[in-house]
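Observations on the model geometry
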Amino acid sequence: MTRLTDKILIVDDEVDLAEALGALLGRAGYACAVCTDGARAYDAVVAESPDLVLTDLKMAGISGMDLLKRVRSHHPTLPVILLTAFATVDAAVEAMREGAADFLAKPFLPEELLAKIRGAVERARLRNGESGPTFRGEHALWEVVAASQNPRMREILSLAEKIAATDSKVLI
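None of the values given here were measured: they were computed from a predicted structure.

The next subject is the overall build of the protein. Each helix and strand in the protein was counted, giving seven helices and five strands. When its helices and strands are written in sequence order, the protein yields β-α-β-α-β-α-β-α-β-α-α-α. Taking all 172 residues of the protein together, 37% fall into the buried category. Excluding contacts between residues fewer than 6 apart, the proportion of contacts in the protein whose partners are at least 24 apart in sequence is 60%.

This is the structure in structure tokens:
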């Protein structure tokens, strides 16, 4: 669940790509700051206080992996997602060992990036003791059903509402 305060720092030395990512994420409801200099990216982390860092792996000056290590040492709960056009299994394994929230190979689908961002931000919130999205009120489930365009999801949520009135335990 994106909040108005969700801020993403985009770090990429390719200005056009960084701005395109900022526009995409802005349309998805995120506040974005862009840093096109890997060497100054950590200062931007401190200045911007983002909820997530999205960085290219290979950049002039300082690499995304170096930025990840620096962020991890000073801000251990700040999620960092690495993007790269040069994806290898070794690079992905190293990124995850160093504490990356995720690793994504270019080119990628916008939906894939947004899903990874949402997941990383929610996991960070849970680690920091914040609660995840909740349903409140007797009509909240119907609001979710009404928002869903997937017929199967509507069917599942309708069944869940019927079961909720019982003492039965159900795994969905």
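Below, the discussion takes up the side chain of Asp56. With respect to the helices, strands and loops of the structure, Asp56 is situated in strand β3 (residues 52-56). At a separation of 3.2 Å, a polar atom in the side chain of Asp56 contacts the side chain of Lys106. When near neighbours in sequence (up to four residues on either side) are disregarded, Asp56 contacts Val11, Asp12, Asp13, Gly64, Leu82, Leu83, Thr84 and Lys106.

Time to look at the confidence of the model for the protein. When pLDDT is averaged along the protein, the result is 82; 78% of the residues meet or exceed 70. Ranking the helices and strands of the protein by mean pLDDT puts strand β1 (residues 7-11) first, with 96, and helix α6 (residues 140-147) last, with 52. For the stretch residues 132-142, pLDDT sits under 50, and the model shows 11 contacts to residues farther than four places along the chain or on other chains.

The omega angle of the peptide bond from Lys106 to Pro107 is -5 degrees, so this bond is cis rather than trans. Its location among the elements puts Pro107 in the loop between β5 (102-105) and α5 (110-127). The phi dihedral of Ser49 falls on the positive side, at around 45 degrees, and the residue is not glycine. Among the structural elements, Ser49 can be located in the loop between α2 (41-48) and β3.

For the rest of this paragraph, the subject is the packing of aromatic side chains. Evaluated as defined, the whole model comprises zero aromatic pairs. Across the ring face of Phe86, the terminal group of Lys58 is positioned such that the distance to the ring centre comes to 5.1 Å.

Along β3, five of the five residues are buried, which leaves the element largely enclosed by surrounding structure. Of the two faces of β3, both are covered, the one formed by Leu52, Leu54 and Asp56 as well as the one formed by Val53 and Thr55. As judged from the four bridges shared by β1 and β3, these two strands associate in the parallel manner. Its bridge partner being in β3, Leu9 is matched across the sheet by Val53. Pairing between β3 and strand β4 (residues 80-84): four bridges, direction parallel. Pairing of Val53 across the sheet is with Val80, part of β4. A crossover connection joins β3 to the parallel β4 through helix α3 (residues 64-74); in handedness this β-α-β unit is right-handed.

Procedures and definitions
Residues numbered from 1 in each chain as written. Predicted model: local features only at pLDDT ≥ 70, side-chain atom pairs only at ≥ 80, totals over all residues. Heavy atoms only, no water. Helix = DSSP H or I, 4+ residues; strand = E, 2+ residues; numbered from the N terminus. Buried < 20%, exposed > 50% of the residue type's maximum accessible area, 1.4 Å probe, protein only. Contact = heavy atoms within 4.5 Å. Polar contact = N/O pair within 3.5 Å; in protein donor to acceptor, adjacent residues only side chain to side chain. pLDDT = per-residue confidence, 0-100. Phe/Tyr/Trp six-rings, centres within 6.5 Å; stacked < 30°, edge-to-face > 60°. Lys NZ or Arg CZ within 6 Å of the ring centre and 35° of its normal. Pairing = 2+ DSSP bridges. Right-handed = clockwise from strand over helix to strand, strands pointing away.

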